[in-house]
Amino acid sequence: MILTVTMNPSVDISYPIPHFKLDDVNRVEAASKTAGGKGLNVTRVIKQLGEGVLATGVLGGMIGEYIVQELTKNEIENNFLKINQESRNCIAILHDGKQTEILEAGPTLTNEDGSAFLAKYETLLSSVSLVTISGSLPKGLPSTFYRQMVEMGRDKGIPVIVDTSGESLRQVLLHNVKPFAIKPNITELTQLLGREVEQSISSLSQALEDDMFQGIEWIVVSMGGAGAFVKHGSDFYRVTIPPIDVVNPVGSGDATVAGLAVALKHKQPALVVLKTAMTTGMLNTMEAATGHINTANFSQFFELVQVEKIDY
Ligand code: ATP
């Protein structure tokens, strides 16, 4: 089973309002509310791929209850730490072909909450064979929190995939105990290195030679419609994908992480790992719902992904 971690989940509310009026009343006919947060997108796609998955993290209040209800309704096993504060809503207003987002910060956790979660995580580790950690940390937890979780996984011989950004990612990478895989995009790479990274093979290979990436088995730099650039051990790969009809690209990175996790869990060869991760990313892009794929299209698009090993 794969354990997915979402430390700051949300109820994602989408309000389609074709002509949004500022400083006026806007009525919504068809609001949609789903359990959200990057880790829960990963969870749904893993489940759709037919793989056993257990969702954990921290939640609370009525909103937390709603998230648990949604997961249970979708038959997704879950075991979250419940806290005495309300989880967050994240609102997307879809108007005039644009998307305006209002994102609550969510609860501020105490040191006790952090320790209680780590105790739960330690227990859950004994029943899983791979972990994914996605998204940002809630307020109140130290930026070294994910790094500690990677180390706890490593101590038990469990590979951990980390998909986060900013200081938490930097802390993970600066530690001598490394995650098994990471999936930055170019913006995250640029932030980490403090210099511009281009989509060229030379710029990307040079970036991934940086000391902070040494010892990470898989580094998948996702590049939207341009596919991915990957470092696996000491090998580099350029992965290209066919042009597709983009419906909603939000959550494609999470779907990529889901494909990566499932293929790595099954110890697939590099070629299959990369083709699976790109296919699940593409399939998410082709659907309206975030963190959702149509598995019926899997084989067709899997065949169209091209993987080229780079001599560097
Ligand atoms: P997000 O934060 O929305 O989850 P991300 O920046 O982490 O996204 P992307 O690099 O945009 O991730 O997308 C991940 C993968 O999804 C890509 O490598 C690709 O396989 C697929 N994908 C994303 N956008 C497109 C697109 N426009 N056309 C085709 N495939 C896409």
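Scroll up a little and you will see the structure.
Residues numbered from 1 in each chain as written. Predicted model: local features only at pLDDT ≥ 70, side-chain atom pairs only at ≥ 80, totals over all residues. Heavy atoms only, no water.

J.: It is not clear to me how the overall build of the protein chain should be interpreted in this structure. Could you clarify?
T.: Along the protein chain, the regular secondary structure elements total ten helices and 15 strands. Computed over the C-alpha atoms, the radius of gyration of the protein chain is 19 Å, within 12% of the 20 Å expected from 2.2 N^0.38 for a compact globule of 312 residues. Viewed in the frame of its principal axes, the protein chain has a C-alpha envelope of about 60 × 45 × 40 Å. In the protein chain, buried positions account for 53% of the 312 residues. By sequence separation, contacts in the protein chain at least 24 residues apart represent 67% of the contacts at least 6 residues apart. Split by element, the accessible area of the protein chain, about 14000 Å² in all, is 49% carbon and sulfur. Computing the positive centroid from 25 side-chain charges and the negative centroid from 34, the protein chain places the two 2 Å apart. (Helix = DSSP H or I, 4+ residues; strand = E, 2+ residues; numbered from the N terminus. Rg over C-alpha atoms; globule rule 2.2 N^0.38 Å. Buried < 20%, exposed > 50% of the residue type's maximum accessible area, 1.4 Å probe, protein only. Contact = heavy atoms within 4.5 Å. Areas by Shrake-Rupley, 256 points an atom, 1.4 Å probe, with all protein chains shown as cover. Lys, Arg positive; Asp, Glu negative; His and termini not counted. Charge placed at Lys NZ, Arg CZ, Asp CG, Glu CD.)

J.: Would you mind showing me how to read the nonpolar core here?
T.: For soluble globular proteins, nonpolar side chains are generally found buried alongside one another. Residues F117, Y121, V131 and F213 are the most contacted members of the largest nonpolar core, which totals 47 residues. Non-local contacts of F117, meaning those with residues more than four positions away in its chain, are made with V5, M7, T56, G57, V58, L81, F145 and M149. V220, V239, I241 and A263 belong to the second-largest nonpolar core, a separate cluster that totals 35 residues. (Core = buried A, V, L, I, M, F, W, Y, C linked by side-chain atoms within 4.5 Å.)

J.: Help me understand the packing of aromatic side chains, please; the structure alone is not making it clear to me.
T.: What characterises a pair of aromatic rings is the spacing of the ring centres plus the angle enclosed by the ring planes. Here the structure, examined in full by the defined rule, presents four aromatic pairs. With a centroid separation of 6.2 Å and an interplanar angle of 25°, the aromatic rings of F117 and Y121 are classed as stacked. Of the two residues, F117 and Y121 are both situated in helix α3 (residues 111-125); the distance of four residues between them amounts to about one turn of the helix. For F117, a relative accessible area of 0% gives the class buried. Judged by its relative accessible area of 0%, Y121 is buried. Aromatic ring contacts, followed pair by pair, group F117, Y121 and F145 into a single cluster. (Phe/Tyr/Trp six-rings, centres within 6.5 Å; stacked < 30°, edge-to-face > 60°.)

J.: Would you explain unusual backbone geometry in this entry?
T.: Residues apart from glycine generally show negative phi values, whereas peptide bonds are mostly found in trans. The residue D96 is not glycine, and still its phi comes out positive at about 45°. Residues other than glycine seldom take positive phi values, yet K267 does so here, at roughly 50°. Relative to the elements of secondary structure, K267 occurs in the loop between α8 (252-265) and α9 (270-285).

J.: Just checking my understanding: could you explain the sheet that holds strand β8 (residues 98-103) for this structure?
T.: Each strand in a sheet pairs with another by means of backbone hydrogen bonds, the pair being arranged parallel or else antiparallel. What the four strands build is an open sheet, ordered β3-β2-β7-β8; its pairing is mixed. Only two strands of the sheet have a single partner each, and these edge strands are β3 (32-36) and β8. In this sheet, neighbouring strand axes are inclined to one another by 20° on average, regardless of whether the strands run parallel or antiparallel. Both strand β2 (residues 10-16) and β3 contribute to a ladder of five bridges, which runs antiparallel. Its bridge partner lying in β3, D12 is registered against T34. In the packing of helix α2 (residues 61-73) onto the sheet, contacts are made with β2, β3 and β7 (88-95), and the angle to β3 comes to roughly 85°. (Pairing = 2+ DSSP bridges. Axes fitted to C-alpha atoms, helices over the stretch in contact; angles between N-to-C directions.)

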